[in-house]
Structures are given as C-alpha cells and as structure tokens.
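Examining the three-dimensional arrangement
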Amino acid sequence: MTDYNFKIAHLYGDLMNTYGDYGNILALRYYAKQVGVTVDVDLVSLDTDFKDNQYDFALFGGGQDYEEQIVSYDLPKKADAIKRYIENGGPFLGVCGGFQLLGHYFLLADGTRVEGIGALDHYTLNQPTSRFTGNIRIQDEVSGEIYRGFENHQGRTFLGAGERPLGKTLEGHGNNGEDGGEGLVYKNVYGTYFHGPIFTRNGNLALKVLTIILNRKYPTVDWQAKLASVPAESF
C-alpha cells in the first residue's frame, strides 16, 4: 500500500495562536487520516527560514498586538519565499493577524502602523474605540457553500487586485462592515477573521483545502472521489 503524507508549515505558531488557530491543523489531520494520509508539522518561527519548496500547506494564525509587532520585524526575512509559495499556488490559510500581515499594512487601535509583506494586495485600517465581535455566517458566491464562525477583530480590511471575498456576509460584520465581504481568496490562499477555528466549524472548507493539497502533492490519485465519502463535520 502506498504511503501518502504531506507537510505543514505553522508560521509563528508559538506567537500567533491566540484563538486556538492550531485547531485548523488538527482538522486537516483528522480528515486526512480518513483517507490514509499522514501529516507532519514544522514550527517556522523567529530566525527560521521558510523553505517554500518543502511545504504543502501553510498556516499563519492570529495574535495580540505585541506579538504581531514582533512577528512583523522577522517576517520580511521570509517574504520572498512566502511570495514564491503563494504565486506557485501553495495552499495557505491566514487568520486575523496572519491574514493582515500578508497584506501591505495594518493599523493598531492606537494608530500604530504595522507593515506587512505585500504578498497580497489588501490593507487594514483600525477602529480606535470598537471591535467587530459575534457570530458570523457567510456564503461563498462561487460555490454557494455556507461557512459559520465567530469574529473578533478591531481591524477593517479592504481587499485589492486579484482578491475576492471568501464569502458574502449573511450575518455579522465581515472584513470591514462596509462592503459585505468576509475573508479573501487569492489563488490557493484563504484569509479570514473566523475564529473557532474555521476548519473545525466548517468541514466543507477543510475538505476543499485538503483536496487542493493532495491534488498538488499526488496528482495521479483521484482525491475528489476518495474524499467524497468523508462527511464534513462541525466540532
């Protein structure tokens, strides 16, 4: 029997995991196990190279303001490799602060500007005296799928060229409370403000991303058929 495996880079997982974003990795591992696939995870943190040709998926979670600023000083060292990975179609999930840092910049509540790496063309403004919090429900306007979660962010993100929202907001605030979109999709990159984490609450999205990962790693296998029998769960 052929052994199947893929490798995940958890970017700054020791600093950017405030809301349990590691649960997205646990969800992928759970679904992969159903079709005989094992998953390895590397922590890629401060002063560690991101070797883009070694990974099949990358997770970049959210954190508090202090940790996000620390990460912003180190992240430029990895910027070229992350940009290559994204442009080559590498599957990627950015959550909250990780989502913001992939863009051009974001503003903290006190107005401090934190530079991103410009791997994607969005930017994030602030809310000095408020936050977007509460349950959220969106619909992917391409697939029609519904995703549910919880949002908690003071940032207001505005998408740029080549980016589309992960979904249209049916309940909640979304990226900025103005344009009706939440998250982003660019190539095989997904960004979101969903905590909970998004893959544990939305097995349909986890299975979609897992299919992308496995199709890229093992293109001769019919993963669509294999994963069709795996039920999408909400934990």
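Summary of the structure given here. This one's a predicted model, so the numbers in the text were calculated from it and none came from an experiment.

So, how was this worked out
- Along each chain, residue indices are assigned from 1 in the same order as the chain's sequence is written.
- Two thresholds apply to this predicted model, a pLDDT of at least 70 for residue-level local features and 80 or more for giving and counting side-chain atom pairs, whereas whole-chain, interface and lining totals are computed over all residues.
- Where side-chain values are given, they derive from all heavy atoms of the structure, hydrogens and water being excluded.
- A run of H or I in DSSP counts as a helix once it spans at least four residues, and a run of E counts as a strand once it spans at least two, with each numbered from the N terminus.
- Radius of gyration: C-alpha atoms only; globule rule: 2.2 Å multiplied by the number of residues to the exponent 0.38.
- When accessible area is computed with a 1.4 Å probe and restricted to protein chains, residues below 20% of their type maximum are described as buried, those above 50% as exposed, and intermediate ones as partly exposed.
- Whether two residues are in contact is decided by their heavy atoms: any pair within 4.5 Å suffices.
- Only the protein chains shown count as covering a residue, and every accessible area follows the Shrake-Rupley method with a 1.4 Å probe.
- For this analysis, a ring pair means two rings from Phe, Tyr or Trp (six-membered ring only for Trp) whose centres lie within 6.5 Å, classed as stacked if their planes differ by under 30 degrees, edge-to-face if by over 60, and tilted for the remaining angles.
- Consider the ring centre and the ring normal. A charge sits over the ring if Lys NZ or Arg CZ is within 6 Å of that centre and within 35 degrees of that normal.
- Salt bridge, as used here: a side-chain nitrogen of Lys or Arg that lies within 4 Å of a carboxyl oxygen of Asp or Glu.
- In this scheme, strands are said to pair when DSSP sees at least two bridges between them.
- Under this scheme, a helix contributes an axis fitted over its contacting stretch, all axes are lines through C-alpha atoms, and angles between N-to-C directions fall in the 0 to 180 degree range.
- Only buried residues count toward a nonpolar core, which is a set of Ala, Val, Leu, Ile, Met, Phe, Trp, Tyr and Cys residues joined through side-chain atoms within 4.5 Å.

As for the overall build of the protein
Secondary structure assignment for the protein yields seven helices and 15 strands. Relative to the globule expectation of 18 Å for 235 residues, the C-alpha radius of gyration of the protein, 17 Å, shows essentially globular dimensions. When burial is assessed residue by residue, the protein has 55% of its 235 residues classed as buried. Sequence-distant contacts, at least 24 apart, represent 69% of the contacts inside the protein between residues at least 6 apart. By element, 48% of the accessible surface of the protein is carried by carbon and sulfur atoms, the whole surface being about 10000 Å².

What to know about the packing of aromatic side chains
Enumeration according to the criterion identifies 12 aromatic pairs in this entry. Each ring, one from F99 and one from Y193, has its centre 5.2 Å from the other, and the planes form 55 degrees; the classification is tilted. With F99 in helix α4 (residues 97-101) and Y193 in the loop between β14 (189-192) and β15 (194-195), the pair connects residues that are 94 residues apart, well separated along the chain. By relative accessible area, which is 1% here, F99 ends up buried. Relative accessible area serves as the criterion here: at 0%, Y193 is assigned to the buried category. Through a chain of ring-to-ring contacts, the aromatic side chains of F50, Y55, Y85 and F92 assemble into a single cluster. Above the ring of Y105, the side-chain terminus of R113 is found at 3.8 Å from the ring centroid.

Brief notes about the pattern of salt bridges
Tallied over the entire structure, the rule returns 13 salt bridges. With a shortest N-O distance of 3.3 Å, K7 and D42 are connected by a salt bridge. Of this pair, K7 sits in strand β1 (residues 4-11) while D42 sits in strand β2 (residues 37-44), and the two are 35 residues apart along the sequence. Accessibility expressed as a relative area gives 25% for K7, which makes it partly exposed. The partner of E145 in a salt bridge is K208, and the shortest N-O contact between them spans 3.3 Å. Of the two residues, E145 sits in the loop between β8 (132-139) and β9 (146-153) while K208 sits in helix α6 (residues 203-217), which places them 63 residues apart along the sequence. Its relative accessible area of 24% is what places K208 among the partly exposed residues. Taken together, the shared-partner salt bridges connect D47, D74, K77 and K78 into one network.

Observations concerning the sheet that holds strand β13 (residues 184-186)
On the basis of which strands lie adjacent, the open sheet formed by six strands has the order β2-β1-β3-β4-β14-β13 and mixed pairing. Whereas interior strands pair on both sides, the edge strands pair on one side only; in this sheet they are β2 and β13. Across the sheet, the mean angle from the axis of one strand to that of its neighbour is 15 degrees, orientation sign disregarded. The pairing of β13 with β14 spans three bridges and is antiparallel. Opposite V185, over in β14, you have Y190 as the bridge partner. Across the face of the sheet, helix α3 (residues 79-87) comes into contact with β1, β3 (57-60), β4 (92-95), β13 and β14 while running at roughly 120 degrees to β4.

A word on the nonpolar core
Formed by 69 residues in total, the largest nonpolar core has its most connected members in F60, F92 and F199. With eight residues, α6 is the single largest residue contributor to this core. Setting aside its immediate chain neighbours within four residues, F199 contacts N24, A27, L28, F57, L93, L205, A206 and V209.

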